[in-house]
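Close look at the chain arrangement
The chain contents come next:
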Amino acid sequence: MRARLGDDIDDYCVKCKRVMNHLVVSLLNDEPAKVRCRTCHGDHDFRHEQAPPPKVDPRKAALALEKAAAAAARAAAETLPTDGELPADVMPEEA
Ligand SMILES: [Zn+2]
């Protein structure tokens, strides 16, 4: 698809925090390079409708990891009460 200056294009707007209508204001190799949000009129690089990766707060990340680990441990405890180890008195019966 060849884009032209002034074309309407969908892209993710960091200010509106969502995919909005944009105007192509700069081209590079027939690809939109810069776009302007039609809602907040902010210019930014064309993002191919991709939201930027969220900024990671180290404390929140650590907390999330802790929660995930706790949830995983809880799930493991619920689904695998023996954790793969058979009690000593339960031996596989083979001939
Ligand atoms: Zn915007």
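Each remark here, short or long, concerns the structure printed above.
The paragraphs below set out a description of the structure included in this document. These numbers were taken from a predicted model, which means no experiment stands behind them. (Residues numbered from 1 in each chain as written. Predicted model: local features only at pLDDT ≥ 70, side-chain atom pairs only at ≥ 80, totals over all residues.)

**Observations regarding the overall build of the protein**
Tallying secondary structure elements over the protein gives one helix and four strands in all. The linear arrangement of helices and strands in the protein, starting from the amino end, is β-β-β-β-α. Here the protein, with 95 residues, has 8% of them falling under the buried criterion. Counting only contacts in the protein whose residues sit at least 6 apart along the sequence, the fraction spanning at least 24 positions is 31%. (Helix = DSSP H or I, 4+ residues; strand = E, 2+ residues; numbered from the N terminus. Buried ≥ 20, exposed ≤ 12 C-beta atoms within 10 Å, placed from the backbone. Contact = placed C-beta atoms within 7 Å.)

**Let's talk about the sheet that holds strand β1 (residues 8-13)**
Sheet architecture is open: four strands sit in the order β1-β2-β3-β4, paired in antiparallel fashion. Two strands bound the open sheet, and with one partner strand each, they are β1 and β4 (43-45). Taking each pair of neighbouring strands and ignoring which way they run, the sheet shows an average axis angle of 50 degrees. The sheet contact formed by strand β2 (residues 18-28) and strand β3 (residues 31-37) spans six bridges and is antiparallel. For Leu28, the partnering residue across the bridge sits in β3 and is Glu31. (Pairing = 2+ DSSP bridges. Axes fitted to C-alpha atoms, helices over the stretch in contact; angles between N-to-C directions.)

**Description of the environment of Ile9**
In this fold, Ile9 is placed in strand β1. In this structure, the C-alpha to C-alpha distance between Ile9 and Leu23, residues 14 residues apart in sequence, is 6.1 Å. Setting aside residues up to four positions removed in sequence, Ile9 forms contacts with Ala3, His22, Val24, Pro32 and Val35.

**Some details on the pairing of β2**
Across six bridges, the pairing between β1 and β2 is antiparallel. Bridge pairing in β2 links Ile9 to His22. If you look at the hairpin formed by β1 and β2, you'll find four residues sitting between the two strands, and Lys17 has a positive phi there, around 60 degrees. The loop that links β2 with its antiparallel partner β3 comprises two residues; one of these, Asn29, has a positive phi angle of about 55 degrees.

**Let's talk about unusual backbone geometry**
Across residues other than glycine, the phi torsion is negative in most instances, and most of the peptide bonds are trans. You will see that His41, though not glycine, has its phi angle at about 65 degrees, which is positive. Among the secondary structure elements, His41 is positioned in the loop between β3 and β4. In this structure His41 comes out as exposed when scored by C-beta crowding, with 9 C-beta atoms within 10 Å. With phi around 65 degrees, Glu49 is a residue other than glycine that occupies positive phi space. Within the secondary structure layout, Glu49 lies in the loop between β4 and α1 (58-79). Taking the number of C-beta atoms within 10 Å as the measure of exposure, Glu49 has 11 and is therefore exposed.

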